[in-house]
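Survey of secondary and tertiary structure
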Amino acid sequence: MSTGVAWARHLRRRRGKKIFQQALTMYRFHRTPFEEIIENILSVMESHEAYFTFPTVASTATQKPDLLKKIIHQGSEIAVHGYQHVKYPLISIKDQESDMIRALRTYEKLGIPIKGFRAPYNSYDSNTAELIERHGFRWDAGIGYLKENREKTDFFKVIQGNRELSFVCIPLNELSDDLLIDELHCSPKEMVKRLCHALDYAKKSRGVIMFDLHPIRIGQAEYVGVLDRILSYGERIGGWFPTVSQAVEIGASKSDWNGHEFCCLLTGDVDNFYFRDYLRRLG
Ligand SMILES: [Zn+2]
């Protein structure tokens, strides 16, 4: 930890108190090994016959290929979350494309099937959508976080010029674990209340709702019960909880969510497995 402490001090000097506090919280969360975090999530998903989608940074994925295979084996899904966790708008179109290609090659080598993409930080520029199409992704799960898209209740497509791009986009709800835990300081009970309220809205609109619940938080023993409770509630009110690819491939839409009242896509980005990598990204 001495390196960690030194880094944390460096951060406090350079980036201020908020980042320092956040780093301390992440240090605490990273004391739970990722094997345990994923196990906690998968066992809840399994008990509900539900599936989770993990957009994962490809350079991180190479550190624990067996853990990713376990996810696939349960029926859940991995998607590309960049090769590195960089903000695409800050790099050139050429570098965005290299990052995407490198991520796809990495997953191909690991034998992990890939259909979807979510840019790091849900951050896109005017070039990113065409690259997503060019590299054959079937869906994107980050464009839906733009303010004008968040409140949508069905899959949608990006129009560029007068052309509709081929891949499917999904609205991404603003109730993320970061917002609920780090910013609003919700208790698990309060999180359940807010998330279930969002599910009620999805049912009412007979639409699709997608959450980004990062495994580093939601997979902790103290929070994994939230996942269990929202699944129980969602099932009770007629929800369907597939992977993003299952929902997209079945061509589900508002007219028919595979025989259910509405569709809920549980996703959570894996940015890094280790605290030292988290710090490296901040530093
Ligand atoms: Zn991320």
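Residues numbered from 1 in each chain as written. Predicted model: local features only at pLDDT ≥ 70, side-chain atom pairs only at ≥ 80, totals over all residues. Heavy atoms only, no water.

This part covers the overall build of the protein chain. Within the protein chain, the secondary structure is distributed over 14 helices and 10 strands. A compact globule built from 283 residues would reach a C-alpha radius of gyration of about 19 Å, and the protein chain, at 18 Å, matches this within 12%. Every one of the 283 residues in the protein chain was classed for burial, and the buried ones make up 54%. Taking all contacts inside the protein chain whose residues are at least 6 apart in sequence as the whole, residues at least 24 apart take part in 73%. Total accessible area on the protein chain stands at roughly 13,300 Å², and carbon and sulfur atoms take up 48% of it. Taken together, the 39 basic and 36 acidic charged side chains of the protein chain have centroids lying 7 Å from each other. (Helix = DSSP H or I, 4+ residues; strand = E, 2+ residues; numbered from the N terminus. Rg over C-alpha atoms; globule rule 2.2 N^0.38 Å. Buried < 20%, exposed > 50% of the residue type's maximum accessible area, 1.4 Å probe, protein only. Contact = heavy atoms within 4.5 Å. Areas by Shrake-Rupley, 256 points an atom, 1.4 Å probe, with all protein chains shown as cover. Lys, Arg positive; Asp, Glu negative; His and termini not counted. Charge placed at Lys NZ, Arg CZ, Asp CG, Glu CD.)

Let us look at the domain arrangement of the protein chain. As far as domains go, the protein chain holds domain 1 (1-31) and domain 2 (34-77 + 139-273). Distance between the C-alpha centres of domain 1 and domain 2: 28 Å. Listed by partner, the interface residues are 5 residues for domain 1 and 10 residues for domain 2. Here domain 1 meets domain 2 over a buried area of about 610 Å², counting both sides, of which 54% is carbon and sulfur. Linking domain 1 to domain 2 there are 5 residue pairs in polar contact (both at pLDDT 80 or more). For the side of domain 1 that touches domain 2, a count of residues per class yields 2 nonpolar, 2 polar and 1 charged. (Domains from an automatic or database assignment. Buried area = accessible area lost by both parts, 1.4 Å probe. Polar contact = N/O pair within 3.5 Å; in protein donor to acceptor, adjacent residues only side chain to side chain. Nonpolar A, V, L, I, M, F, W, Y, C, P; charged D, E, K, R; others polar.)

On to the pattern of salt bridges. Within the structure shown, the criterion is met by 17 salt bridges. Residues D178 and R217 are paired through a salt bridge, measuring 3.7 Å at the closest nitrogen-oxygen approach. Of this pair, D178 sits in helix α9 (residues 177-183) while R217 is found in helix α11 (residues 215-218), placing the two residues 39 residues apart along the sequence. Look at D178 and you get partly exposed, because its relative accessible area is 26%. (Salt bridge = Lys/Arg side-chain N within 4 Å of Asp/Glu carboxyl O.)

Around the zinc ion, the protein contributes the donor atoms H81 (NE2), H85 (NE2) and D271 (OD), which lie 2.1 to 2.2 Å from the metal centre. All donors to the zinc ion come from one chain, and their sequence spacing reads H-x3-H-x185-D. Taken together, the residues H81 in the loop between β2 (77-80) and α6 (93-110) and D271 in the loop between β10 (262-267) and α14 (275-282) connect sequence positions 190 residues apart. Note on accessibility: H81 and D271 belong to one class, buried. (Donors = N, O, S within 2.8 Å, 3.2 Å for Na, K, Ca; no water.)

Okay, the packing of helix α3 (residues 34-47) against helix α5 (residues 65-74) next. Where α3 contacts α5, the axes come no closer than 11 Å and their chain directions differ by 0°. Taken as axis vectors, α3 and α5 run roughly parallel relative to one another. Within the contact between the two elements, α3 uses F34, E35, I38, E39, L42, M45 and E46 and α5 uses L67, K70, I71 and Q74. Grouping the amino acids of the contact of α3 with α5 by side-chain chemistry returns 6 nonpolar, 1 polar and 4 charged. (Axes fitted to C-alpha atoms, helices over the stretch in contact; angles between N-to-C directions. Parallel < 35°, antiparallel > 145°, perpendicular 65-115°, else oblique.)

Okay, the packing of aromatic side chains next. Summed over the entire model, instances satisfying the criterion amount to 9 aromatic pairs. Between F155 and W257, the aromatic rings sit 5.7 Å apart at their centres with planes inclined by 85°, giving edge-to-face as the arrangement. Here the residue F155 occupies a position in the loop between α8 (147-150) and β5 (159-160), and W257 occupies one in the loop between α13 (244-249) and β10, the gap between them amounting to 102 residues. With a centroid separation of 5.9 Å and an interplanar angle of 20°, the aromatic rings of F275 and Y278 are classed as stacked. With F275 and Y278 both in helix α14 and 3 residues apart, this pair spans about one turn of that helix. By the burial criterion, F275 is buried, and Y278 matches it. Three or more aromatic residues joined by ring pairs form one cluster here, namely Y88, F117, Y124 and F137. Residue placement shows K64 over the ring face of F273; its charged tip is 5.7 Å from the ring centre. (Phe/Tyr/Trp six-rings, centres within 6.5 Å; stacked < 30°, edge-to-face > 60°. Lys NZ or Arg CZ within 6 Å of the ring centre and 35° of its normal.)

Right, let's get into the environment of H214. Assignment of secondary structure puts H214 in the loop between β8 (208-212) and α11. In the structure, H214 is positioned 37 residues away from D177 in sequence and 6.5 Å away in space, judged by C-alpha atoms.

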